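Notes for the structure review
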Amino acid sequence: MSGLAALACMDPGSTAHVSLCPIGYFGYEFCPGCGLGRSIAWVFHGSLENSLRVHPLGIITLAVLAHRIVQLTHNHLNSIWQK
């Protein structure tokens, strides 16, 4: 959840960003995961067009992550309430 909060606060249009991509460190230009974080950040900033341009799976990834966060939170709260 904190990762999504960080993506919501970042400026996706900025060219100065930190990359942890090992494929990029080896000099390869294509990586299927690169751009995914910026794509999610564009969604948080309300620009679906830019999100799709940067990475077409960003919106779907955000939906899956949000669903999983809700699911885990629900399960955790149910386990607390059953005690």
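Residues numbered from 1 in each chain as written. Predicted model: local features only at pLDDT ≥ 70, side-chain atom pairs only at ≥ 80, totals over all residues. Heavy atoms only, no water.

1. What to know about a nonpolar patch on the surface
A cluster of nonpolar side chains, Ile23, Phe26 and Tyr28, forms an exposed patch at the surface whose accessible area comes to about 390 Å². Tracing the backbone through its elements, the reader meets phenylalanine 26 in the loop between helix 2 (22-25) and helix 3 (36-44). On the accessibility criterion, phenylalanine 26 (69% relative accessible area) is exposed. (Patch = residues over 30% accessible without salt bridge, like charges linked within 9 Å, V, L, I, M, F, W, Y side chains within 5 Å. Areas by Shrake-Rupley, 256 points an atom, 1.4 Å probe, with all protein chains shown as cover. Salt bridge = Lys/Arg side-chain N within 4 Å of Asp/Glu carboxyl O. Helix = DSSP H or I, 4+ residues; strand = E, 2+ residues; numbered from the N terminus. Buried < 20%, exposed > 50% of the residue type's maximum accessible area, 1.4 Å probe, protein only.)

2. Details of the side chain of serine 47
Structurally, serine 47 can be placed in the loop between helix 3 and helix 4 (48-54). On the basis of relative accessible area, serine 47 is assigned to the buried category, the value being 17%. Separated by 3.1 Å, the side chains of serine 47 and asparagine 50 make a polar contact. (Polar contact = N/O pair within 3.5 Å; in protein donor to acceptor, adjacent residues only side chain to side chain.)

3. Remarks on the packing of helix 3 against helix 5 (residues 58-81)
For any two helices packed against each other, one specifies the inter-axial angle together with the distance between the axes. Contact pair helix 3 / helix 5: the axes reach a minimum separation of 8 Å and the direction vectors enclose 80°. With respect to helix 5, the element helix 3 is oriented roughly perpendicular. Contact residues: Leu36, Ser39, Ile40, Val43 and Phe44 in helix 3; Gly58, Ile59, Thr61 and Leu62 in helix 5. Taken together, the residues of the contact of helix 3 with helix 5 sort by class into six nonpolar, three polar and no charged. (Axes fitted to C-alpha atoms, helices over the stretch in contact; angles between N-to-C directions. Parallel < 35°, antiparallel > 145°, perpendicular 65-115°, else oblique. Contact = heavy atoms within 4.5 Å. Nonpolar A, V, L, I, M, F, W, Y, C, P; charged D, E, K, R; others polar.)

4. Points about the confidence of the model for the chain
Any region with low pLDDT has predicted coordinates that should not be read closely. Taken residue by residue, the chain gives an average pLDDT of 86. The fraction at 70 or more is 93%. Between the elements of the chain, mean pLDDT differs from a low of 77, seen in helix 2, to a high of 95, seen in helix 5. (pLDDT = per-residue confidence, 0-100.)

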